[in-house]
Amino acid sequence: MKSTKFTKFTEKEADAKWWEIGNYFRRNSIWMLMYCTGCGAIELPPAMTSAYDMERLGMGPMATPRQADVLLVTGYLSVKTLRRIIYTYEQMSEPKYVVGFGSCTINGGVYFDSYAVINRLDYYIPVDVYVAGCMPNTEAILNGFVDLMGMMKNKTANGWVKYHENYEWYKANQIQAVGEVHVHDEFHE
Amino acid sequence: MMNSMNNVEEIIAAVEANFDLLSSDVIDKYQVGLDVNKNEIHRLLIFLKTNGWIQLSYLTAVDWIEENEFELVYIVFNWDKAVHIQIRTRIERDVEKASIETIMPIYPGCKYYEREVHEFFGIKFPGNPDYHKQLILEQFDDLPPLRKDFDPLAYAERKFPKRDYPDKFTNLEGKESEQAKRDVTHERVSKLRTGGTKK
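Residues numbered from 1 in each chain as written. Chains lettered and ligands numbered in written order. Predicted model: local features only at pLDDT ≥ 70, side-chain atom pairs only at ≥ 80, totals over all residues. Heavy atoms only, no water.

(A) Just the overall build of chain A, in detail. The secondary structure content of chain A amounts to seven helices and five strands. Order of helices (α) and strands (β) in chain A, N terminus to C terminus: α-β-α-β-β-α-β-α-β-α-α-α. Its C-alpha atoms put chain A at 75 × 40 × 30 Å along the principal axes. With 189 residues in all, chain A has 46% of them scored as buried. Considering only intrachain contacts with a sequence separation of at least 6, the fraction spanning at least 24 residues in chain A is 78%. About 10200 Å² of surface is accessible on chain A, with carbon and sulfur atoms providing 57% of the total. Side chains of chain A carry 18 positive and 21 negative charges; the gap between the two charge centres is 9 Å. (Helix = DSSP H or I, 4+ residues; strand = E, 2+ residues; numbered from the N terminus. Buried < 20%, exposed > 50% of the residue type's maximum accessible area, 1.4 Å probe, protein only. Contact = heavy atoms within 4.5 Å. Areas by Shrake-Rupley, 256 points an atom, 1.4 Å probe, with all protein chains shown as cover. Lys, Arg positive; Asp, Glu negative; His and termini not counted. Charge placed at Lys NZ, Arg CZ, Asp CG, Glu CD.)

In structure tokens form, the structure reads like this:
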């Protein structure tokens with residue numbers, strides 16, 4: 001007769017199991033929030049439509065940051081858009097992931113000497129996957145998403161945990177770049 | 001019946017009859033440029049507006065640093081004749097003295113163009129209530145960026161931290177570099193390869 005005795009999970013183990021289950025569903029239904037700042041956005045229509053059909057990976061667009069899993073930063077970021085990026089990132093519910101497209105998010109790309117464009121995105125918000133290139137092609141972008149799914153499986157896509165742990169550092173960098181993180185709008189104030 | 005070239009020449013003749021025209025150039029049959037003095041800008045714009053050039057397409061400036069002058073360029077457009085007219089004028093380049101009266105009473109839409117020009121060149125527009133307000137750049141604390149004596153690289157280095165690359169080759173997660181191994185392979189392969197010709 002089979003023993004009915006089993007060792008009870010500790011709370012931590014049970015938590016880890018639930019995270020594993022959650023991650024399984026999460027990585028197979030990634031909803032993207034596309035912040036189309038630069039030219040990178042042009043690679044998304046072929047990735048989403050029938051040519052490469054992102055939907056087969058369970059990925060789809062999402063209109064609001066509250067329901068999105070992954071934030072796509074598709075290109076260069078001026079100080080003005082960085083402020084909105086930080087706003088959007090902080091509105092997303094956890095766990096949240098960031099994919100940076102193109103060389104502009106890595107080191108400034110061709111805008112390395114611009115007076116308006118920041119040079120590295122991971123100085124301000126944590127980035128899980130970079131897709132290098134100027135522009136990366138659509139295959140590279142889909143490869144980046146598959147990498148992100150693998151990282152979610154291996155529990156290495158923990159940028160949002162790092163954001164919690166190093167919140168002071170990120171906040172100091174953000175304040176150094178954009179002053180207060182608040183969107184002033186002279187037309188509605 | 002008049003063709004468009006006639007129109008352009010008629011425009012120049014009409015302006016020459018009424019204003020002190022410094023120079024003019026015909027870019028093509030749809031574009032004409034007029035250089036006038038600073039103090040005639042407003043009269044000329046009123047004249048053109050009453051003759052059908054009702055839309056201010058653009059207002060910008062050019063920094064001629066060697067001549068120590070700013071050139072203001074007003075581009076107006078006529079919806080019936082399809083002719084763009086550029087009205088150009090030169091003003092002083094000095095940070096304090098660079099200023100010109102607003103054209104808001106003539107073309108109210110210039111409000112934001114003037115703010116933009118002030119932000120990027122530092123030209124003042126007395127008469128425009130908001131010209132000094134920030135419009136596009138945020139957290140900017142240097143010379144106006146489109147002046148030729150502004151150094152964008154120095155500004156970027158001061159404000160935006162760079163990513164530093166300690167070595168020419170970076171390795172994932174601190175693994176040992178395999179570049180030496182790759183070099184050996186590459187050398188062997190290039191020895192074998194003859195490029196399709198017999199040695």
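Still more to cover.
(B) Structural context of the packing of helix α1 (residues 11-27) of chain A against helix α5 (residues 138-153) of chain A. Residue and element names in this part refer to chain A. Relative to each other, α1 and α5 sit at 170°, their axes nearing to 9 Å. Of the possible angle classes, the one that applies to α1 and α5 is roughly antiparallel. For the pair α1 and α5, the contacting residues are N23, R26 and R27 in the first and M149, M152 and K153 in the second. Split by residue class, the contact of α1 with α5 holds two nonpolar, one polar and three charged. (Axes fitted to C-alpha atoms, helices over the stretch in contact; angles between N-to-C directions. Parallel < 35°, antiparallel > 145°, perpendicular 65-115°, else oblique. Nonpolar A, V, L, I, M, F, W, Y, C, P; charged D, E, K, R; others polar.)

(C) Broad picture of the sheet that holds strand β4 (residues 97-101) of chain A. Residues and elements named next belong to chain A. Ordered in space as β2-β1-β3-β4-β5, the five strands form an open sheet in which the pairing is parallel. Taken across any chain shown, the strands that pair with only one partner, and hence form the sheet edges, are β2 (60-61) and β5 (129-131). Bridging between strand β1 (residues 31-35) and strand β3 (residues 70-74) involves four bridges; their strand directions are parallel. The partner of L33 across the bridge, within β3, is L71. Taken strand by strand, helix α3 (residues 79-91) contacts β1, β3 and β4, and its axis lies near 160° from that of β1. (Pairing = 2+ DSSP bridges.)

(D) Representation of α5(A) within the structure. Residue and element names in this part refer to chain A. Its 16 residues place the ends of α5 23 Å apart at the C-alpha level, agreeing with the 22 Å of an ideal helix rising 1.5 Å per residue. Those residues of α5 that sit buried are T138, I141, L142, G144, F145, L148, M149 and M152. In a view along the axis of α5, the buried residues occupy a sector of 150°, so they form one face of it. Looking at the buried residues of α5, the elements they touch are α1, β1, α2 (44-48), β3, β4 and β5. Looking at the residues trailing α5, positive phi occurs at K155, about 60°. (Expected span 1.5 Å × (residues − 1). Arc of directions from axis to C-beta.)

(E) A look at the environment of A:L77. Residue and element names in this part refer to chain A. As for its placement among the helices and strands, L77 is situated in the loop between β3 and α3. By relative accessible area, L77 is classed as buried at 2%. Those residues in contact with L77 that lie beyond four places of it in its chain are T37, L82, I85, A116, V117, I118 and L121.

(F) Seen up close, the packing of aromatic side chains. All names here are of chain A. Within this structure, the stated rule accounts for 21 aromatic pairs over all chains. Where W19 meets W160, the ring centres are 5.9 Å apart and the plane angle is 25°; that geometry is what we call stacked. Of this pair, W19 sits in helix α1 while W160 sits in helix α6 (residues 159-165); the two residues are 141 residues apart in sequence, bridging distant segments of the chain. You can call W19 partly exposed: its relative accessible area is 34%. Arranged with centres 4.8 Å apart and planes meeting at 55°, the rings of Y76 and Y111 form a pair that is tilted. One end of the pair, Y76, is in the loop between β3 and α3; the other, Y111, is in the loop between α4 (102-107) and β5, and 35 residues separate them in sequence. Here the aromatic cluster, defined as three or more aromatic residues joined through ring pairs, consists of Y89, Y123, Y124, Y163, Y167, W169 and Y170. (Phe/Tyr/Trp six-rings, centres within 6.5 Å; stacked < 30°, edge-to-face > 60°.)

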